[in-house]
Amino acid sequence: MTPAFASGRIATRALSERHIRWNRFLAGTNIHENEETSSDIARKSNKSLQSGREKRRKFIGMAKAVDRGQWAVTYSPGGSDGSSFVSRSGLPDLTKPFCVLGIESSCDDTGAAVVRSDGKILGESLASQHEIHEQWGGVVPGLAKNAHEEKIDEVISDALKKANMRIDDVDAIGVTVGPGLEICLRVGCNRAKDLAMKYSKPFVGVHHLEAHILMSRIPSVENNSDQGMLQSSTVTNDISARAMDFPFLALLVSGGHCQILKCLGIGKYSIVGGTLDDSLGEAFDKTARLLGLPVGGGGGPAVEALARDGDPKSVRLPIPLQKRKDCDFSYAGLKTAVRLAAEKICVERGVESVDELPHEDKANIAASFQHTAFRHVEIRLGRAMEQVQKEDGIKTLAVVGGVAANRELRSRLDKLCSERSEPWEMIVPPPRLCTDQGSMSAWAAIERLVVGSSDLAEDQEVYARYPFSLSTSSKHEQ
């Protein structure tokens with residue numbers, strides 16, 4: 001079968017070359033002059049493929065989603081120096097309180113919220129897609145896009161209604177434009193652009209990861225009753241009226257990202273550590289699927305709940321990257337170790353699949369995985385804390401992203417901060433503000449507007465990959 005396939009490929013190439021020659025003859029072109037046959041094209045294609053492989057090999061063993069000059073588009077609202085902000089679509093009146101409509105559609109939930117410039121959430125709405133994706137064991141982009149299109153107007157209207165406002169009353173519009181699922185991002189972005197242009201509102205294209213980070217700075221007491229958040233009842237646009245000031249260290253842990261960042265200002269972030277493969281959230285999702293747990297609402301909450309019934313030291317699992325003395329993460333190996341451990345327990349119990357294991361065994365697997373995954377975080381984060389405290393005098397940590405809602409993680413990191421020789425302050429948004437929702441887009445837009453930054457709605461694109469710019473942050477340690 002292979003020889004027949006090969007001979008057919010050679011015959012096709014010969015016919016293709018004769019076709020090129022005949023077309024050039026009809027056009028009056030010398031077939032021997034500047035001729036490019038299919039063989040030439042194939043050689044160029046192979047050369048391009050090899051070049052692509054060489055580029056990928058160059059970054060093997062390095063954290064993903066870090067700008068090292070290889071990205072065509074990066075996030076840098078303050079320009080090359082990080083401080084030259086431009087209001088391309090205007091600004092609201094910054095001498096008095098203003099309100100922003102925020103829209104979020106980066107993955108599988110449609111969110112909208114109206115947030116005031118002091119951090120007060122006036123109205124919010126969220127359409128969950130958990131039931132849609134549950135049967136598939138993960139997010140199906142096409143289904144997510146359709147659900148966003150079906151719910152986007154309803155969610156926006158609901159948020160405005162709860163805020164007792166009309167679209168004319170909001171002072172600006174912010175929307176997530178990346179990173180995320182491109183076809184999902186486009187739904188929210190297009191609707192926000194239409195509204196901004198129709199009602200002549202300042203527009204902000206929000207970076208999804210920056211929005212998670214900046215939620216640690218939202219100050220209003222009504223939104224943030226959890227410990228560690230600044231309590232403020234005043235209405236002000238003063239940049240100092242935030243739950244924390246720059247610079248600070250952030251641990252961003254979510255379904256698609258796992259990074260440690262030195263946060264220097266709006267749009268200015270230096271990646272201290274990142275994942276080489278899977279994110280922490282992905283590892284939770286895959287462990288949940290292995291244990292037969294529901295993952296429509298994310299595997300993290302399901303594994304966390306099951307782990308409460310288990311012994312975290314019952315199943316021996318390797319802590320990743322023990323020999324690497326940097327701040328990067330890796331969860332691919334741990335994921336495999338969990339699967340092999342589960343298969344071993346199945347053999348010991350005389351059952352054919354993990355689904356048949358008793359609740360106690362599944363709980364022990366979940367607890368052991370969670371313990372090891374968080375121990376990995378503690379080691380890498382502890383090293384990063386030592387580094388930035390020594391270099392920059394930073395002693396404040398923000399823990400953000402969907403996985404930051406995990407109570408066990410919050411407890412362990414609080415202990416990590418408090419037991420240092422020089423205790424750190426740790427700030428974590430309330431659990432409902434850790435996950436994706438419209439308030440994060442609105443608040444990130446407020447932060448951008450306060451420093452004089454806005455975007456042109458008509459020119460705004462969406463980006464599946466949208467790394468922070470290398471030009472405004474120190475290069476990731478290689």
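Quantities reported herein were computed from a predicted structural model and do not represent experimental measurements. (Residues numbered from 1 in each chain as written. Predicted model: local features only at pLDDT ≥ 70, side-chain atom pairs only at ≥ 80, totals over all residues. Heavy atoms only, no water.)

Caption draft 1: Representation of the overall build of the protein chain. For the protein chain, the count of helices and strands is 13 helices and 10 strands. Only carbon and sulfur atoms are counted for the fraction: they give 50% of the accessible area of the protein chain, which is about 22,400 Å². (Helix = DSSP H or I, 4+ residues; strand = E, 2+ residues; numbered from the N terminus. Areas by Shrake-Rupley, 256 points an atom, 1.4 Å probe, with all protein chains shown as cover.)

Caption draft 2: Up close: the nonpolar core. Counting 68 residues, the largest nonpolar core has V100, L101, I156, I213, L261 and F468 as its most contacted members. Examining the composition of this core, we find that eight residues originate from one element, helix 13 (residues 438-450), more than from any other. Counting 56 residues, the second-largest nonpolar core is a separate cluster that includes L317, A342, C346 and V377. (Core = buried A, V, L, I, M, F, W, Y, C linked by side-chain atoms within 4.5 Å. Buried < 20%, exposed > 50% of the residue type's maximum accessible area, 1.4 Å probe, protein only.)

Caption draft 3: Examining helix 7 (residues 280-290) more closely. Three or more residues of helix 7 are buried, namely L280, G281, A283, F284, T287 and A288. What you see down the axis of helix 7 is that its buried residues fit within an arc of 160 degrees, all on one side. On its buried face, helix 7 is in contact with strand 6 (248-253), strand 7 (258-265), helix 8 (299-307), helix 9 (332-349) and helix 10 (359-392). (Arc of directions from axis to C-beta. Contact = heavy atoms within 4.5 Å.)

Caption draft 4: The arrangement of the sheet that holds strand 6 in detail. Reading across the sheet, the five strands line up as 8-7-6-9-10 and stay open at both edges, with mixed pairing between neighbours. Every other strand in the sheet has two partners, leaving strand 8 (268-274) and strand 10 (425-427) as the edge strands with one partner each. Here the strands of the sheet are splayed against their neighbours by 25 degrees on average, with no regard to which way each runs. Pairing geometry for strand 7 and strand 8, over six bridges, is antiparallel. (Pairing = 2+ DSSP bridges. Axes fitted to C-alpha atoms, helices over the stretch in contact; angles between N-to-C directions.)

Caption draft 5: Region of the structure containing the packing of helix 8 against helix 10. For the pair helix 8 and helix 10, interaxial distance at closest approach is 8 Å and the crossing angle is 115 degrees. Taken together, the axes of helix 8 and helix 10 lie roughly perpendicular to each other. Between helix 8 and helix 10 lies a crossing whose hand is left-handed. On the side of helix 8, the interface is formed by V303, E304, L306 and A307, while helix 10 contributes H359, K362, A363, A366, A367, F369 and Q370. Class assignment of the residues belonging to the contact of helix 8 with helix 10 gives a composition of seven nonpolar, two polar and two charged. (Parallel < 35°, antiparallel > 145°, perpendicular 65-115°, else oblique. Left-handed = near helix turned anticlockwise from the far one by under 90°. Nonpolar A, V, L, I, M, F, W, Y, C, P; charged D, E, K, R; others polar.)

Caption draft 6: Spatial organisation of the packing of aromatic side chains. Applying the stated rule across the entire model yields seven aromatic pairs. The interplanar angle of 15 degrees and the centroid separation of 5.3 Å between the aromatic rings of F246 and F248 together place this pair among those described as stacked. Residue F248 is classed as buried on the basis of its relative accessible area of 0%. Residues F284 and F374 carry aromatic rings whose centres are separated by 5.8 Å and whose planes lie at 40 degrees to one another, so their mutual orientation is tilted. Taken as a pair, F284 in helix 7 and F374 in helix 10 lie far apart in primary sequence, 90 residues in all. Like F374, F284 is buried. Counting every residue linked through ring pairs, the aromatic cluster contains Y75, Y269, Y463, Y466 and F468. (Phe/Tyr/Trp six-rings, centres within 6.5 Å; stacked < 30°, edge-to-face > 60°.)

Caption draft 7: Just the pattern of salt bridges, in detail. One pass over the structure, following the stated rule, counts 24 salt bridges. Notably, a salt bridge pairs E447 with R242, separated by 3.2 Å at the nearest N-O pair. In this pair, E447 is assigned in helix 13 and R242 in the loop between helix 6 (208-214) and strand 6, connecting sequence segments 205 residues apart. Each of the two residues, E447 as well as R242, counts as buried. In this structure, E343 and R339 form a salt bridge, with 3.2 Å as the shortest nitrogen-oxygen distance. You can see E343 and its partner R339 sitting in helix 9, four residues apart, about one turn around the helix. (Salt bridge = Lys/Arg side-chain N within 4 Å of Asp/Glu carboxyl O.)

Caption draft 8: Representation of the layout of surface pockets in the model. Its boundaries defined by the atoms lining it, the second largest pocket holds a volume of some 310 Å³. Around the second largest pocket sit 20 residues that line it, and S76, P77, R88, D455 and Y466 are the ones nearest its centre. Within the lining of the second largest pocket, the residues separate by chemical class into eight nonpolar, seven polar and five charged. (1 Å grid on protein atoms, 1.4 Å probe; cavity = no way out; pocket = protein on both sides within 12 Å on 5 of 7 lines; lining within 4 Å. Points joined across faces, edges and corners; volume = space filled by probe spheres on them.)

Caption draft 9: Spotlight on unusual backbone geometry. With an omega of -10 degrees, the peptide bond running from G178 to P179 counts as cis. In this fold, P179 is placed in the loop between strand 4 (172-178) and helix 5 (182-198). Here the phi dihedral of S200 falls at roughly 55 degrees; this positive angle occurs in a residue that is not glycine. Along the chain, S200 falls in the loop between helix 5 and strand 5 (203-207). Positioned with a positive phi, L321 is a non-glycine residue whose angle comes to about 55 degrees.

Caption draft 10: Broad picture of the sheet that holds strand 1 (residues 99-104). Taken in spatial order, the five strands make up an open sheet running 3-2-1-4-5, and their pairing is mixed. Strands with a single pairing partner mark the edges of an open sheet, and in this sheet they are strand 3 (121-127) and strand 5. Averaged over all neighbouring strand pairs, the angle between strand axes comes to 20 degrees, with direction disregarded. Sheet topology places strand 2 (residues 110-116) next to strand 3; six bridges connect them, and they run antiparallel. Of the residues in strand 3, the one forming a bridge with A113 is E124. Together, strand 1, strand 2 and strand 3 form the strand contacts of helix 4 (residues 141-162), whose direction differs from that of strand 2 by roughly 25 degrees.

Caption draft 11: Spotlight on helix 11 (residues 407-418). Helix length check: helix 11, at 12 residues, gives a terminal C-alpha distance of 16 Å against a target of 16 Å (1.5 Å per residue), a fit within 8%. Among the residues of helix 11, those classed as buried are L409, R410, R412, L413 and C417. Residues of helix 11 that are buried sit in contact with strand 6, helix 10, strand 9 (396-400), strand 10 and helix 12 (431-434). Backbone nitrogen of E408 and a side-chain oxygen of the N-cap are separated by 2.9 Å at the start of helix 11; the cap is N406. (Expected span 1.5 Å × (residues − 1). Polar contact = N/O pair within 3.5 Å; in protein donor to acceptor, adjacent residues only side chain to side chain.)

Caption draft 12: Quick look at the pairing of strand 6. Across the six residues that make up strand 6, a large majority, six, are buried. Of the two faces of strand 6, the one holding F248, A250 and L252 and the one holding L249, L251 and V253 are both buried throughout. In this sheet, strand 7 lies alongside strand 6 in antiparallel orientation, the contact comprising six bridges. Following the sheet pairing, A250 is matched in strand 7 by L261. Connecting strand 6 to the antiparallel partner strand 7 that follows it, the hairpin turn spans four residues.

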